[in-house]
Amino acid sequence: MQVINPALRAERTSAPAVRSVTVLGANAVRSALSTVDLLKRGNGQYRVEAVTANKNAADLAKIARELKARLAVVADPSAYGELKAALAGSGIEAASGEAAVNRGGGSGRWIG
């Protein structure tokens, strides 16, 4: 008869912890786009806290929606209106400027 410690069995069968991540430069370079693809295929392993980009609000909003990010930040304040409009009704917070990028980067692991 084999006796298995129930605590060890639970440890082996429990789902991996969900990791909070932030994607910096989400639409800028090939590596960031690969990261976005990885997160989309993550099967619930990742919670995207924030995505950031320099000024391409339309692409950033699309990525934020795909990843169900909590926050989307565009560094260029002149692109804020476009980002906010593109995210209307999504429940995703829009922000702009250097301070907002720093806030977004501090909300999870940095990826990208």
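Our structure is the block above this text.
What you are looking at is a predicted structure, and each value in this text was computed from that prediction instead of being measured. (Residues numbered from 1 in each chain as written. Predicted model: local features only at pLDDT ≥ 70, side-chain atom pairs only at ≥ 80, totals over all residues. Heavy atoms only, no water.)

Enquirer: Just to check I follow, could you spell out the overall build of the protein for this structure?
Expert: Counting its secondary structure elements, the protein contains five helices and five strands. Seen in sequence order, the protein has helices and strands lined up from the N terminus as α-β-α-β-α-β-α-β-α-β. Evaluated residue by residue, the protein yields a buried proportion of 35% over its 112 residues. Long-range pairs, those at least 24 residues apart, make up 49% of the contacts in the protein with a sequence separation of at least 6. Entry remark: accessible area of the protein is about 6900 Å², with carbon and sulfur atoms responsible for 52%. (Helix = DSSP H or I, 4+ residues; strand = E, 2+ residues; numbered from the N terminus. Buried < 20%, exposed > 50% of the residue type's maximum accessible area, 1.4 Å probe, protein only. Contact = heavy atoms within 4.5 Å. Areas by Shrake-Rupley, 256 points an atom, 1.4 Å probe, with all protein chains shown as cover.)

Enquirer: What is the right way to look at the nonpolar core in this model?
Expert: One finds Val51, Leu60, Ala72, Leu83 and Leu87 to be the most contacted residues of the largest nonpolar core, which totals 22 residues. Taken together, the elements giving at least two residues each to this core come down to strand S1 (19–23), helix H2 (30–40), strand S2 (46–53), helix H3 (57–67) and strand S3 (71–74). Setting aside its immediate chain neighbours within four residues, leucine 60 contacts Ala26, Asn27, Val51, Thr52, Ala53, Ala72, Val73, Val74 and Leu83. Formed by five residues, the second largest nonpolar core is a distinct cluster that contains Ala50, Leu71, Val73 and Ala100. (Core = buried A, V, L, I, M, F, W, Y, C linked by side-chain atoms within 4.5 Å.)

Enquirer: Got a minute to help me understand the environment of valine 73 in this structure?
Expert: Position of valine 73 relative to the elements: it lies in strand S3. Look at valine 73 and you get buried, because its relative accessible area is 0%. On a C-alpha basis, the gap between valine 73 and lysine 55 in space is 9.1 Å, while along the polypeptide they are 18 residues apart. In this structure valine 73 touches Val51, Thr52, Ala53, Leu60, Leu83, Ala95, Ser96, Gly97, Ala100 and Val101, once residues within four positions along its chain are discounted.

Enquirer: Sorry, what's going on with H3 here?
Expert: Two residues of an α-helix separated by three or four positions point the same way, owing to the 3.6 residues in each turn. Listed as buried for H3 are Ala57, Leu60, Ala61, Ile63, Ala64 and Leu67. Projected onto a plane normal to the axis of H3, the buried residues spread over an arc of 165 degrees and lie on a single side. Just beyond H3, the residue with positive phi is lysine 68, at close to 55 degrees. (Arc of directions from axis to C-beta.)

Enquirer: What exactly am I supposed to notice about the pattern of salt bridges here?
Expert: Pairs may arise between side chains of opposite charge once their charged atoms sit close together. Taken as a whole and judged by the stated rule, the model has six salt bridges. Here aspartate 37 and arginine 41 are joined by a salt bridge, their closest N and O atoms 3.1 Å apart. Look at aspartate 37 and you get partly exposed, because its relative accessible area is 35%. Arginine 41 sits in the exposed class, given a relative accessible area of 53%. Between glutamate 66 and lysine 62 there is a salt bridge, and its shortest N-O distance comes to 3.2 Å. Note that glutamate 66 and lysine 62 are positioned in helix H3 at a spacing of four residues, about one turn of the helix. On the basis of relative accessible area, lysine 62 is assigned to the exposed category, the value being 52%. If you follow the salt bridges from partner to partner, you end up with Arg47, Glu49, Arg70 and Glu93 in one network. (Salt bridge = Lys/Arg side-chain N within 4 Å of Asp/Glu carboxyl O.)

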